Amino acid sequence: MLFYFKGGLIKGIVSRIESKDYYVFPTGEDKPVRCSLPGKFKKEFQLKKDKLYRMDIVTLGDNVDFEFNEDGTGVINKIEERQNYISRKAPKPKGSSYRGERLEQIIAANIDKLFIVGSTYKPDFNNKVIDRFIVAGESSHLNNIVIINKIDLDNENLSEKWASIYTEIGYKVILSSKVSGDGIEELKNEVIGNKNIFWGHSGVGKSSLLNSMFPGLNLEIGDISSFTDKGTHKTVTSKMIKIAFNTYVIDTPGVREIDPFGIRKEDLGYYFIEFKPFAEKCRFSSCTHYHEPGCKVVKAVENNEISELRYDSYLRILKTIEEDIIY
Ligand SMILES: Nc1nc2c(ncn2[C@@H]2O[C@H](COP(=O)(O)OP(=O)(O)OP(=O)(O)O)[C@@H](O)[C@H]2O)c(=O)[nH]1
Ligand SMILES: [Mg+2]
Ligand SMILES: [Zn+2]
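Residues numbered from 1 in each chain as written. Chains lettered and ligands numbered in written order. Predicted model: local features only at pLDDT ≥ 70, side-chain atom pairs only at ≥ 80, totals over all residues.

A. Just the packing of helix α5 (residues 184-191) against helix α6 (residues 206-213), in detail. Between α5 and α6, the shortest axis-to-axis distance is 10 Å and the interhelical angle comes to 85°. Relative to α6, α5 is oriented roughly perpendicular. Across the interface between the two elements, Ile184, Leu187, Lys188 and Val191 of α5 pack against Leu209, Ser212 and Met213 of α6. Among the residues forming the contact of α5 with α6, the class breakdown is five nonpolar, one polar and one charged. (Axes fitted to C-alpha atoms, helices over the stretch in contact; angles between N-to-C directions. Helix = DSSP H or I, 4+ residues; strand = E, 2+ residues; numbered from the N terminus. Parallel < 35°, antiparallel > 145°, perpendicular 65-115°, else oblique. Contact = placed C-beta atoms within 7 Å. Nonpolar A, V, L, I, M, F, W, Y, C, P; charged D, E, K, R; others polar.)

B. Molecular detail of the pairing of strand β10 (residues 172-175). Across four bridges, the pairing between strand β9 (residues 143-149) and β10 is parallel. Bridge assignment links Ile145 to a residue of β10, and that residue is Lys172. Viewed along the sheet, the connection from β9 through helix α4 (residues 159-167) into β10 turns out right-handed. (Pairing = 2+ DSSP bridges. Right-handed = clockwise from strand over helix to strand, strands pointing away.)

C. Spatial organisation of the sheet that holds strand β1 (residues 9-18). Overall, mixed pairing links the five strands, which are arranged β1-β2-β3-β5-β4 in a closed barrel. Looking at each pair of strands side by side, their axes are set apart by 55° on average, direction ignored. Pairing of strand β3 (residues 33-36) with strand β5 (residues 74-79), which is carried by two bridges, proceeds in the parallel orientation. Pairing of Ser36 across the sheet is with Val75, part of β5.

Here it is in structure tokens:
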């Protein structure tokens, strides 16, 4: 039982946000405390003007200090500086056509490992989608691990080939299946002792993998019929779950689109880690590795030293980069 007294400051970690309620795990405790956020933070926030989402003032994984009220709820007092955070461009409002005004949506902070989840089939493996998530992860300087799930459906044995796109350039790839049990122990070993986030398109099996690793979780998973409904997304809000002391997992809702936020065209190449040794030798330091003379990345693609699949992903992302407005 947590010993608390009014006026004492308690350190904790934000695990779930529901409208105006912030659920905080006090250090060493397994039960979150429902906290509110005083107006002073919102004022500071409005002054900054660059982010309009309440989610962004405090996000999952934030370390905070809070104070108990008499009724056992709490009030957040301080938000510690983030070591890192993962974000994407906020989705376009429905029907909008304007460009260049999309805001940053922060998904979580202080993450040790980002697991980027794809599936072999249902939905089909899509390397371009994986590459977009990797760019978001690299630009946040996270430790990125790729999961190719549902290998029980891979009748043509393509998963090894897909995995090699990433293992060859230095990423860890875990091939998994909740049906055969492949990869589950390996994944669990990666997760223990860290703060982890699972990210990927809807239906690839993020919640299922978490349930397979930690059977007590009972996260809701999609079934085939739900895919025919309008609301195909099974997990609707992200939440951070405490597994053990120092082990946390965040299950996120599947995203439909992922546009990394705040990346300039001339910087995109840095987030394709295998480009680095070549990019350093391009004639122009601002080279976007597309049409510039003296580009060593293009040369490396021609020489099969960089995978064409990855370069194709790079070009597609390059074309979709808009100028992000930061006031
Ligand atoms: N064959 C097979 N099906 C799987 C596997 N993992 C998950 N599924 C199925 O895939 C469907 C979606 O699984 P979820 O775990 O809900 O996927 P999710 O990524 O959490 O989806 P969202 O919450 O919508 O983002 C369910 O019908 C699962 O039973 C697997 O390894 N093999
Ligand atoms: Mg889910
Ligand atoms: Zn270049």
